[in-house]
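Structural characterization, general
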Amino acid sequence: MSNAALVGVVMGSKSDYDVMSAAVEILRALEIPHEARVLSAHRTPDELTAWVETSTARGMRVMIAGAGGAAHLAGVIAAKTLMPVLGVPIAATPLNGMDSLLSIVQMPKGIPVGTLAIGKAGAANAALLAAEILAGTDAALYKRLAAWRAARAQEVLEQKLPE
Ligand code: RP5
């Protein structure tokens with residue numbers, strides 16, 4: 001899905017997609033137009049900057065950025081746009097994502113990045129948070145999001161323990 005994308009999902013490497021696909025799945029389920037890209041803050045800085053600038057100009061509303069290691073991707077994006085940026089730390093090094101978490105969450109005052117949990121739960125929650133942001137001005141999406149959450153509640157209520 002790429003026309004009039006409202007949410008951008010960007011990751012520093014294709015190796016991050018195993019985690020970041022959890023965000024894409026939620027965006028698909030909620031029928032939110034989105035665009036997913038591999039762009040790196042340190043390996044493709046010029047292409048990243050160009051994509052953030054064109055995405056902002058095309059009307060993208062929320063950016064989700066996942067990266068591992070010294071994960072500056074979300075912070076660099078936040079420096080280049082006024083749309084909300086949600087960062088997903090990825091466990092890609094022997095530090096198991098703590099390096100990425102601290103890199104993303106410890107943004108200096110003035111350039112915010114909303115930081116989610118390490119891994120797939122964080123990626124899924126980033127997409128849900130993006131949906132909540134968009135649902136504030138989209139009544140149809142608000143209904144889809146409410147139905148999605150009600151379905152998750154129903155799943156819990158239907159869970160049975162072994163006799
Ligand atoms: C980061 O380095 C990426 O976000 C990825 O999590 C990590 C490893 O990248 P690859 O070596 O798998 O390309 O930039």
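Right above here is the structure, for reference.
Note that residues are indexed from 1 along each chain, following the sequence as it is written. Given that the model is predicted, a residue must reach a pLDDT of at least 70 before its local features are reported, and side-chain atom pairs must reach 80 or more before they are shown or counted; all residues, however, enter totals for whole chains, interfaces and linings. To obtain the side-chain values, all non-hydrogen atoms of the structure were included, while hydrogens and water were left out.

1. Quick notes on the pattern of salt bridges
Side-chain pairs of opposite charge can arise where the charged atoms are in close proximity. Rules: We define a salt bridge as a contact between a side-chain nitrogen of Lys or Arg and a carboxyl oxygen of Asp or Glu at a distance within 4 Å. Helix and strand labels come from DSSP, where a helix needs a run of H or I of at least four residues and a strand needs a run of E of at least two; each type is numbered from the N terminus.
Tallied over the full model, the rule gives five salt bridges. A salt bridge links R149 to E132; its shortest N-O distance comes to 3.1 Å. Of this pair, R149 sits in helix α6 (residues 139-157) while E132 sits in helix α5 (residues 120-135), and the two are 17 residues apart along the sequence.

2. Focus: the nonpolar core
What counts here: Note on terminology: a nonpolar core comprises buried Ala, Val, Leu, Ile, Met, Phe, Trp, Tyr and Cys residues joined through side-chain atoms within 4.5 Å. To sort residues, take the accessible area from a 1.4 Å probe on protein chains only and compare it with the maximum for the residue type: under 20% means buried, over 50% means exposed, and anything in between is partly exposed. Whether two residues are in contact is decided by their heavy atoms, any of which lying within 4.5 Å being enough.
Counting 29 residues, the largest nonpolar core has V7, V9, M20, L30, I32 and I64 as its most contacted members. Within the residue set of this core, elements represented by two or more residues are β1 (7-11), α1 (17-29), β3 (62-68), β4 (85-90), α5 and α6. Of all the elements, α5 adds the most residues to this core, at nine residues. Setting aside residues up to four positions removed in sequence, I64 forms contacts with V7, G8, V9, V10, M20, L86, V88, A126, A127 and A130. With 20 residues, the next largest nonpolar core counts L39, M60, L73 and V85 among its residues.

3. As for the site of the ligand
Formally: We define proximity as follows: a residue is near a molecule or strand when any one of its heavy atoms falls within 4 Å of that partner. Using the Shrake-Rupley algorithm and a 1.4 Å probe, accessible areas are obtained, with residue cover drawn only from the displayed protein chains. Within this scheme a cavity is a closed region of a 1 Å grid, computed over the protein atoms alone, that accommodates a 1.4 Å probe without allowing it to escape, whereas a pocket is open but has protein on both sides within 12 Å along at least five of seven lines; lining residues each have an atom within 4 Å of a point. For a molecule to be placed in a cavity or pocket, more than half of its atoms must lie within 2 Å of the grid points of that cavity or pocket. Here the nonpolar group is Ala, Val, Leu, Ile, Met, Phe, Trp, Tyr, Cys and Pro; Asp, Glu, Lys and Arg are the charged ones; every other residue, Gly included, is treated as polar.
The environment of the ligand is formed by G12, S13, S15, D16, H42, R43, A67, G68 and A92. Expressed as a share of its isolated accessible area of 370 Å², the protein-covered part of the ligand is 70%. The cavity that encloses the ligand is the largest pocket. Of the residues that constitute the shell around the ligand, the class distribution is two nonpolar, five polar and two charged.

4. Some details on the packing of aromatic side chains
The line we're drawing: When the centres of two rings from Phe, Tyr and Trp lie within 6.5 Å, Trp using its six-membered ring, the rings pair. Their planes under 30 degrees apart give stacked, over 60 give edge-to-face, and anything left gives tilted. Only when the NZ of Lys or the CZ of Arg is both within 6 Å of the ring centre and within 35 degrees of the ring normal is a charge said to sit over the ring.
Tallied over the full model, the rule gives zero aromatic pairs. Lying over the aromatic face of W148, R152 brings its terminal NZ or CZ to 4.6 Å of the ring centre.

5. Some points on the sheet that holds strand β2 (residues 34-38)
Put simply, the rule is: Any two strands are treated as partners once DSSP identifies two or more bridges connecting them.
Judged by pairing direction, the sheet is parallel, and its five strands sit side by side in the order β2-β1-β3-β4-β5 without closing on themselves. At either margin of the open sheet sits one strand with a lone partner, and together these are β2 and β5 (114-115). Bridging between β1 and β2 involves five bridges; their strand directions are parallel. Bridge pairing in β2 places G8 opposite E35.

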